[in-house]
Amino acid sequence: MAKPRKVLVYRHAAVTRATHWINVLALTLLLMSGLNIFGAHPALYWGQKSTFADPWVSIGAEDKGDRMIGVTQIGSAKFNTTGLLGYSGKVGSREPVAFPSWATVPSFRDLADSRHWHFFFAWLFVVNGLVYWLVGLGGGHIAKDIVPTKADVTPKNVWHEISTHARLKFPKGEEARRYNVLQKGAYLAVILVLLPLMLATGLTMSPGIDAGAPWLVDFFGGRQSARTIHFLTATAIVGFVLLHLFMVVASGTWNNIRSMITGRYAIVPELRDVP
């Protein structure tokens, strides 16, 4: 029997593809400008006020003998992060900065400009997300493709997806046409938990929101707690993106990229799917 050839199936609608690439741009610039903002005071605290002598996370530079090194502190643990965090730049011209210039927007220390970049792309991200949700809800994409079905969440199916993905075995044939329960769960966690947290905690750092809705600051346990949660949420989203990129490469780089550009995804029908 001849081996089934690959067939192209329509997997991503135009709105999904457009909002995806806008998200790539917005999230990248949000992260880079956010690092520049954080670099103005690279330390995190819990509560309402900054306890400068006792941050739970800090990034800085220290003298060690006849040289300077970058030091990242988490709790009581200290790590030498020279060249990446705390003290970076070309060898021979390094300087004490929280993050290297290639990771920030602008590439130099400028709190005012980095805030302008951050706010612009934050609102672009919000508007883009609203477009995705409104179109997705109205067209049935959210209910059909993102919300897990009863069959998805059965213990047997969840364990099957976990075990096969852990072995880097990915769906084939008809199963490859749709998202699996792990993808659906990850997308919903980002959309319904991480993104609202990032937006809400970001708003608490606005003086206007502080004045008009002080209860929001209290809800997060204080201004510094909100700042910390904002940073942790952003870190979690970066973790999601890195895992997403790993899975894109592991399951077929070009096939995934093509599907997010043209909407067409190549599958190989299994023998039972071939008439």
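Scroll up to find the structure this text is about.
Rules used in this analysis
- Starting afresh in each chain, residues are numbered from 1 along the sequence in its written order.
- Only residues with pLDDT of 70 or above have their local features reported here, since the model is predicted, and side-chain atom pairs are shown and tallied only from 80 upward, although totals for entire chains, interfaces and linings are computed over all residues.
- Each side-chain value is derived from all of the structure's non-hydrogen atoms; neither hydrogens nor water enter the calculation.
- Going along the chain from the N terminus, every DSSP run of H or I of four or more residues is numbered as a helix, and every run of E of two or more is numbered as a strand.
- Nitrogen and oxygen atoms within 3.5 Å of one another constitute a polar contact, given that in protein one can donate a hydrogen and the other can accept it, and given that sequence-neighbouring residues count only through two side-chain atoms.
- In what follows, residue pairs with any heavy atoms lying within 4.5 Å of each other are defined as contacts.
- Exposure above 30% relative accessible area and the absence of a salt bridge qualify a residue for a patch, where like charges join within 9 Å and nonpolar side chains (Val, Leu, Ile, Met, Phe, Trp, Tyr) within 5 Å.
- Only the protein chains shown count as cover for residues, and all accessible areas are computed by the Shrake-Rupley method using a 1.4 Å probe.
- Within this document, salt bridges are pairs made up of a side-chain nitrogen of Lys or Arg and a carboxyl oxygen of Asp or Glu, the two lying within 4 Å of each other.
- Three exposure classes are used, based on accessible area relative to the maximum for each residue type with a 1.4 Å probe and protein chains only: buried under 20%, partly exposed in between, and exposed over 50%.
- Remark: nonpolar core denotes a set of buried residues (Ala, Val, Leu, Ile, Met, Phe, Trp, Tyr, Cys) joined through side-chain atoms within 4.5 Å.
- An expected span of 1.5 Å times one less than the residue number is assigned to each helix.
- Note on bend: the value at a residue is the angle between axes fitted to the seven residues ending there and to the seven starting there.
- Planes of paired rings set the category: under 30 degrees apart is stacked, over 60 is edge-to-face and the rest tilted, where pairs are Phe, Tyr or Trp rings (Trp by its six-membered ring) whose centres lie within 6.5 Å.
- What counts as an axis is a line fitted to C-alpha atoms, over the stretch in contact for a helix, and the angles between N-to-C directions run from 0 to 180 degrees.
- Angle categories: roughly parallel below 35 degrees, roughly antiparallel above 145, roughly perpendicular from 65 to 115, and oblique for all the rest.
- Each crossing gets its handedness from the near helix: less than a right angle anticlockwise from the far helix is left-handed, clockwise is right-handed.
- Residues are grouped as follows: Ala, Val, Leu, Ile, Met, Phe, Trp, Tyr, Cys and Pro are nonpolar; Asp, Glu, Lys and Arg are charged; every other residue, Gly included, is polar.
- The charge count includes Lys and Arg as positive and Asp and Glu as negative, but it does not include His or the ends of the chains.

## Observations concerning the side chain of threonine 19
Mapped onto the fold, threonine 19 is located in helix H1 (residues 14-39). Looking at threonine 19, its side chain comes within polar contact range of the main-chain oxygen of valine 15, at 2.8 Å. Excluding residues that lie within four positions of it along the chain, threonine 19 makes contacts with Asn128, Val131 and Tyr132.

## So, a nonpolar patch on the surface
A cluster of nonpolar side chains, contributed by Trp21, Val24, Trp254, Ile257 and Ile261, occupies part of the molecular surface with about 490 Å² of accessible area. Here valine 24 is to be found in helix H1. According to the relative accessible area criterion, valine 24 is partly exposed, its value standing at 36%.

## Let's talk about the nonpolar core
Judged by nonpolar contacts, Ala26, Leu29, Leu30, Val105, Phe121, Phe125, Val190, Leu194, Met198 and Ile237 together constitute the single largest core of ten residues. Secondary-structure elements contributing two or more residues to this core are H1, helix H2 (111-139) and helix H5 (181-204). Formed by nine residues, the second largest nonpolar core is a distinct cluster that contains Leu35, Val57, Ala98 and Phe99.

## Points about H5
Counted at 1.5 Å a residue, the expected span for H5 with its 24 residues is 34 Å, and the 34 Å between its end C-alpha atoms agrees. The largest bend in H5 comes to about 35°, at valine 190. The inward-facing, buried residues of H5 contact H2, helix H3 (141-146), helix H4 (155-166), helix H6 (207-212), helix H7 (214-219) and helix H8 (223-261). Two to three positions downstream of the cap, the backbone nitrogen of leucine 182 sits 2.9 Å from a side-chain oxygen, assigning the N-cap of H5 to asparagine 180.

## Digging into the packing of aromatic side chains
Here the structure, examined in full by the defined rule, presents nine aromatic pairs. Judged by centre distance (6.2 Å) and plane angle (80°), the rings of tyrosine 187 and phenylalanine 240 are edge-to-face. Of this pair, tyrosine 187 sits in helix H5 while phenylalanine 240 is found in helix H8, placing the two residues 53 residues apart along the sequence. Overall, the relative accessible area of 23% leaves phenylalanine 240 in the partly exposed class. These aromatic residues form a ring-pair network of at least three members: Phe38, Phe99 and Phe231.

## Looking at the packing of H5 against H8
Between H5 and H8, the least distance of the axes is 8 Å, while the angle of their chain directions is 150°. When the axis of H5 is compared with that of H8, the two are roughly antiparallel. Relative to H8, the crossing made by H5 is left-handed. Along the contact surface, H5 presents Ala186, Tyr187, Val190, Leu194, Leu195, Leu197, Met198, Thr201, Gly202 and Thr204, while H8 presents Arg223, Ala226, Ile229, His230, Thr233, Ala234, Ala236, Ile237, Phe240 and His244. Within the contact of H5 with H8, the residues separate by chemical class into 13 nonpolar, six polar and one charged.

## Considerations on H8
Between its terminal C-alpha atoms H8 stretches only 41 Å, short of the 57 Å expected from 39 residues at 1.5 Å a residue. Along H8, the largest kink reaches about 115° and is centred on glycine 252.

## Thoughts on the side chain of arginine 227
Within the element layout of this structure, arginine 227 appears in helix H8. For the buried arginine 227, which has no salt bridge, the nearest side chain bearing the opposite charge is aspartate 210, at an N-O separation of 12 Å. Not counting residues within four places of it along the chain, the set of residues in contact with arginine 227 comprises Phe38, His41, Ala43, Leu44 and Met205.

## What to know about the pattern of salt bridges
One pass over the structure, following the stated rule, counts four salt bridges. Between lysine 78 and glutamate 62 there is a salt bridge, with its nearest N and O atoms 3.2 Å apart. Of this pair, lysine 78 sits in strand E5 (residues 77-80) while glutamate 62 sits in strand E3 (residues 57-64), placing them 16 residues apart in sequence. Residue glutamate 62 is classed as partly exposed on the basis of its relative accessible area, which comes to 32%.

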